[in-house]
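Fold and contact review
These are the residues of each chain, in order.
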Amino acid sequence: DTNKNDKIDLFELENFWFKMVKPTLLPKSALLIVDVQNDFIDGTLTLKKCPAKHNGAEVVPIINNIIDTVPFETVVYSLDWHPADHCSFIENVHYRKIADNSPIKENIKTLDSVIFEDYPNIPQRLWPAHCIQGTHGADLHPNLKRVDPKTDPMGRSVIYVYKGCRSDIDSYSAFFDNCKLNETSLRTDLIKHEITDLYICGLAADVCVAATSVDGLGLNYRVVYIEDAVRGVDLKDIENQKRNLINNGALLAKSKDIYNMV
Ligand code: VGL
Ligand code: ZN
């Protein structure tokens, strides 16, 4: 009878949808949590002391709530991961020669930009020593939820990406160093999971979140910037970077709306 046929059709449609159509046609989304590390929250580069006076800890419950409620395909944790002699540390500025064309040559202060004489010959902003490999300051914030792919009820995969690991060049983006000479493992890992869409949040909005978003757009990912799940260094820079992202095709969203998008 027709009733039975309807049931069979529905079963087959469902199978067809989940096994064939969804994997080939529908986007796959990753949550990309940028640098939610102790040093940016209550450590050496605490955002509380930067011009915007933001409290980085505020993103932790917001991101945890996203993790708890939204069925992303993959969750990515990026980590700023510097050797102790890293070129971005104000403490190390005298280890390297300042170039003649450096915008600032003496009385160099934290947050100033300098050009060093040798490679890579681009302005390097100087920060207090932070996120030194293996230290407590480089750990993810203790309250940030770590998705475990073995036990995750939503079956999500997890990617960790480490950046800024070489002493002679900085890396704000989780994809490339600041000269775009070297690439991290991130793009390869996203390809493995067939990710098309990136939902980006974390620290700092106008530095690593912005750089990662711009590079994601450049690699043809669809990028959603989760406005209430970021905190940054400088209010003007945060606004300028946001505008730049919109001009480059990013979407802005609030965390409460993400559930309906993934
Ligand atoms: C960052 C400054 C220096 C960031 C990293 O994660 O936004 N900011 N290194
Ligand atoms: Zn850094």
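- In the annotation of an unreviewed UniProt entry, the protein chain is listed under the name nicotinamidase and assigned to Brachionus calyciflorus.
- As its UniProt record puts it under Sequence similarities (unreviewed entry), the protein chain is described as follows: "Belongs to the isochorismatase family."
- The Pathway (unreviewed entry) comment attached to the protein chain in UniProt states, word for word, "Cofactor biosynthesis; nicotinate biosynthesis; nicotinate from nicotinamide: step 1/1."

**Re the environment of Tyr 77**
- Among the structural elements, Tyr 77 can be located in strand 2 (residues 74-80).
- Overall, the presence of 22 C-beta atoms within 10 Å leaves Tyr 77 in the buried class.
- In this structure the C-alpha to C-alpha distance between Tyr 77 and Tyr 160, which are 83 residues apart in sequence, comes to 4.9 Å.
- Leave out the neighbours within four places in its chain, and Tyr 77 touches Ile 33, Leu 140 and Tyr 160.

**Some points on helix 3 (residues 59-69)**
- Residues of helix 3 that are buried: Val 59, Ile 63 and Ile 66. Burial along helix 3 is one-sided: seen end-on, the buried residues are contained in an arc of 55 degrees.
- Residues of helix 3 that are buried make contact with strand 1 (29-34), strand 6 (197-203), strand 7 (222-231) and helix 7 (255-258).

**As for the sheet that holds strand 8 (residues 251-253)**
- Strand order in this open sheet of six strands is 5-2-1-6-7-8, and the pairing throughout is parallel. Each edge of the open sheet carries a strand with a single partner, namely strand 5 (157-163) and strand 8. Between one strand axis and the next, the sheet turns through 25 degrees on average, direction left out of account.
- Examined bridge by bridge, strand 2 and strand 5 share seven bridges and lie parallel to one another. In the strand pairing of strand 5, Ser 78 is matched with Val 161.

**Quick word on the pairing of strand 2**
- Most of strand 2 sits out of view: seven of its seven residues are buried.
- With burial as the criterion, each face of strand 2 is covered, one bearing Thr 74, Val 76, Ser 78 and Asp 80 and the other bearing Val 75, Tyr 77 and Leu 79.

**A short note on the site of ligand 1**
- For ligand 1, the full set of nearby residues is Asp 35, Asp 80, Ser 88, Trp 127, Leu 203, Ala 204, Val 207 and Cys 208.
- Here the shell around ligand 1 is composed, by residue class, of five nonpolar, one polar and two charged.

Conventions adopted
- Residues numbered from 1 in each chain as written.
- Chains lettered and ligands numbered in written order.
- Predicted model: local features only at pLDDT ≥ 70, side-chain atom pairs only at ≥ 80, totals over all residues.
- UniProt positions renumbered as here; feature names shortened; annotations may be inferred.
- Helix = DSSP H or I, 4+ residues; strand = E, 2+ residues; numbered from the N terminus.
- Buried ≥ 20, exposed ≤ 12 C-beta atoms within 10 Å, placed from the backbone.
- Contact = placed C-beta atoms within 7 Å.
- Arc of directions from axis to C-beta.
- Pairing = 2+ DSSP bridges.
- Axes fitted to C-alpha atoms, helices over the stretch in contact; angles between N-to-C directions.
- Near = placed C-beta within 6 Å.
- Nonpolar A, V, L, I, M, F, W, Y, C, P; charged D, E, K, R; others polar.

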